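Summary of the model geometry
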2 protein chains.
Amino acid sequence: APGSHAEVEEGTALMPRFGADGLVAAVVTDFETGDVVMLAWMNEEALAKTIETGEGWYWSRSRKELWHKGATSGHAQTVKEMRVDCDQDAIWIRVSTAGTGANCHTGRKGCFYRSVPVGQPVSPELKLAFTGDEPLFDPKAVYGDS
Amino acid sequence: APGSHAEVEEGTALMPRFGADGLVAAVVTDFETGDVVMLAWMNEEALAKTIETGEGWYWSRSRKELWHKGATSGHAQTVKEMRVDCDQDAIWIRVSTAGTGANCHTGRKGCFYRSVPVGQPVSPELKLAFTGDEPLFDPKAVYGDS
């Protein structure tokens, strides 16, 4: 039956299961390097626009608005492949990004530019380590000094 | 100041920003292939246990309980690297998975075993395509026939 456990997990119909907030998580990886560059959110409209246009559209939880990635910064994302997960509440897209190739609002290629040391208890001594992923553009010049 | 925009995004202190549900999203990729294998969730305890033990711990939203991945199935995940994103509301871990290497409860290596065609409007004709990622174990034998 449509929407049954088996149909959602083993069927060929797209039946995204949006959360109580109307969103699914979208994992974005760089098509060339494979690195995770963003974790963003899609509502039904953003998902539909991404599928139809082949470019990355999201729902901005902070600005509470539909967001065509790159509309302001010139860093549009071309979707090379889209996947959906077992219970259809998460999306994975592999993208090629225009312009400088930056995906993060800090100007970097991706948002995950700091590593967390593992194998020790969490304490004030735990320090994040920058991976060396430097900004590719000046966010203030693009977005303003906010 | 601790917790300021600059400190969260450009500092070296881990200050995870859990959502209203107390969770952060955790993107899990396979250390060898780089493929995204899971999108899971961590509460404060799951994140702390993952950092301390170097194995994947999550919060199961369906079962509403802390979940040591692999405790039932034998597919524990060793965290080879952990990253945190710009606004510290998402985690990326690269893992090596024990046993058959399966990460998905369907028995497959990863949860994203179906692709979504892009470049066409969403319609009933849109069909997911299986990528050929076959189950590595029999879920019914491990979890029971639920």
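Definitions and cut-offs
Residues numbered from 1 in each chain as written. Chains lettered and ligands numbered in written order. Predicted model: local features only at pLDDT ≥ 70, side-chain atom pairs only at ≥ 80, totals over all residues. Heavy atoms only, no water. Pairing = 2+ DSSP bridges. Helix = DSSP H or I, 4+ residues; strand = E, 2+ residues; numbered from the N terminus. Contact = heavy atoms within 4.5 Å. Buried area = accessible area lost by both parts, 1.4 Å probe. Salt bridge = Lys/Arg side-chain N within 4 Å of Asp/Glu carboxyl O. Least-squares fit on C-alpha atoms with pLDDT ≥ 70 in both. UniProt positions renumbered as here; feature names shortened; annotations may be inferred. Buried < 20%, exposed > 50% of the residue type's maximum accessible area, 1.4 Å probe, protein only. Phe/Tyr/Trp six-rings, centres within 6.5 Å; stacked < 30°, edge-to-face > 60°. Lys NZ or Arg CZ within 6 Å of the ring centre and 35° of its normal.

**Remarks on the sheet that holds strand β6 (residues 90–97) of chain B**
The strands making up a sheet associate through backbone hydrogen bonding, with each pair oriented either parallel or antiparallel. With mixed pairing, the 6 strands of this open sheet are ordered in space as β8(A)-β7(A)-β5(B)-β6(B)-β1(B)-β2(B). Where the open sheet ends on each side, the last strands, each with one partner, are β8 (129–130) of chain A together with β2 (36–42) of chain B. Bridge analysis of strand β5 (residues 77–84) of chain B against β6 of chain B gives 7 bridges, and the strand direction is antiparallel. Residue Arg83 of chain B lies in a different strand from β6 of chain B, and its bridge partner there is Trp92 of chain B.

**Observations regarding the interface of chain A and chain B**
Facing 55 residues of chain A, the contacting portion of chain B comprises 55 residues. Taking both sides of the interface into account, the surface hidden between chain A and chain B amounts to around 4,600 Å²; carbon and sulfur atoms contribute 63%. When residues of chain A are sorted by the area they lose upon contact with chain B, Thr12, Phe112 and Arg114 of chain A head the list and together hold 14% of the total. The interface formed by chain A and chain B contains 4 salt bridges. Of the charged contacts, one joins Arg108 of chain B and Glu10 of chain A as a salt bridge, the two residues approaching to 2.8 Å between their closest N and O atoms.

**Quick word on the relation of the copies chain A and chain B**
The transformation that overlays chain A on chain B combines an axial shift of 0.0 Å with a rotation of 180°, and the residual RMSD is 0.0 Å. Each copy turns onto its partner about a two-fold axis. When C-alpha positions in chain A are compared against the rotation axis, the closest is assigned to Gly34 of chain A, at 3.1 Å. Mapped onto chain B, 100% of the interface residues of chain A are again interface residues, and the two copies thus contact each other with one and the same surface.

**Side note on the UniProt feature "binding site: Mg(2+)" (unreviewed entry) in chain A**
In the UniProt entry, the feature "binding site: Mg(2+)" (unreviewed entry) is given for Asp85, Asp87 and Asp89 of chain A. Here Asp85 of chain A is to be found in the loop between β5 (77–84) and β6 (90–97). When its relative accessible area of 2% is taken as the criterion, Asp85 of chain A is described as buried. Each residue touching Asp85 of chain A, except ones within four places of it in the same chain, is listed here: Ala90 of chain A together with Cys111, Phe112 and Arg114 of chain B. Locating Asp89 of chain A in the fold gives a position in the loop between β5 and β6. By relative accessible area, which is 16% here, Asp89 of chain A ends up buried. Apart from the residues lying within four places of it in its own chain, the contact partners of Asp89 of chain A are Arg17, Val24 and Ala25 of chain A together with Arg61 of chain B.

**Here's the deal with the packing of aromatic side chains**
For any pair of aromatic rings, the description consists of the separation of the ring centres together with the inter-plane angle of the planes. Here the structure, examined in full by the defined rule, presents 9 aromatic pairs over all chains. Residues Trp92 of chain A and Phe112 of chain B carry aromatic rings whose centres are separated by 5.9 Å and whose planes lie at 80° to one another, so their mutual orientation is edge-to-face. Of this pair, Trp92 of chain A sits in strand β6 while Phe112 of chain B sits in the loop between β6 and β7 (114–115), placing the two residues on different chains. Between Lys49 of chain B and the ring centre of Trp57 of chain B, over which it is positioned, the NZ or CZ distance is 4.9 Å.

**Looking at the sheet that holds strand β8 (residues 129–130) of chain B**
Spatially, the 6 strands line up as an open sheet ordered β2(A)-β1(A)-β6(A)-β5(A)-β7(B)-β8(B), and their pairing is mixed. Looking at which strands have only one partner, the edges of the open sheet turn out to be β2 (36–42) of chain A together with β8 of chain B. Where β7 of chain B meets β8 of chain B, 2 bridges bridge the pair, whose relative direction is antiparallel. Pairing of Ser115 of chain B across the sheet is with Ala129 of chain B, part of β8 of chain B.

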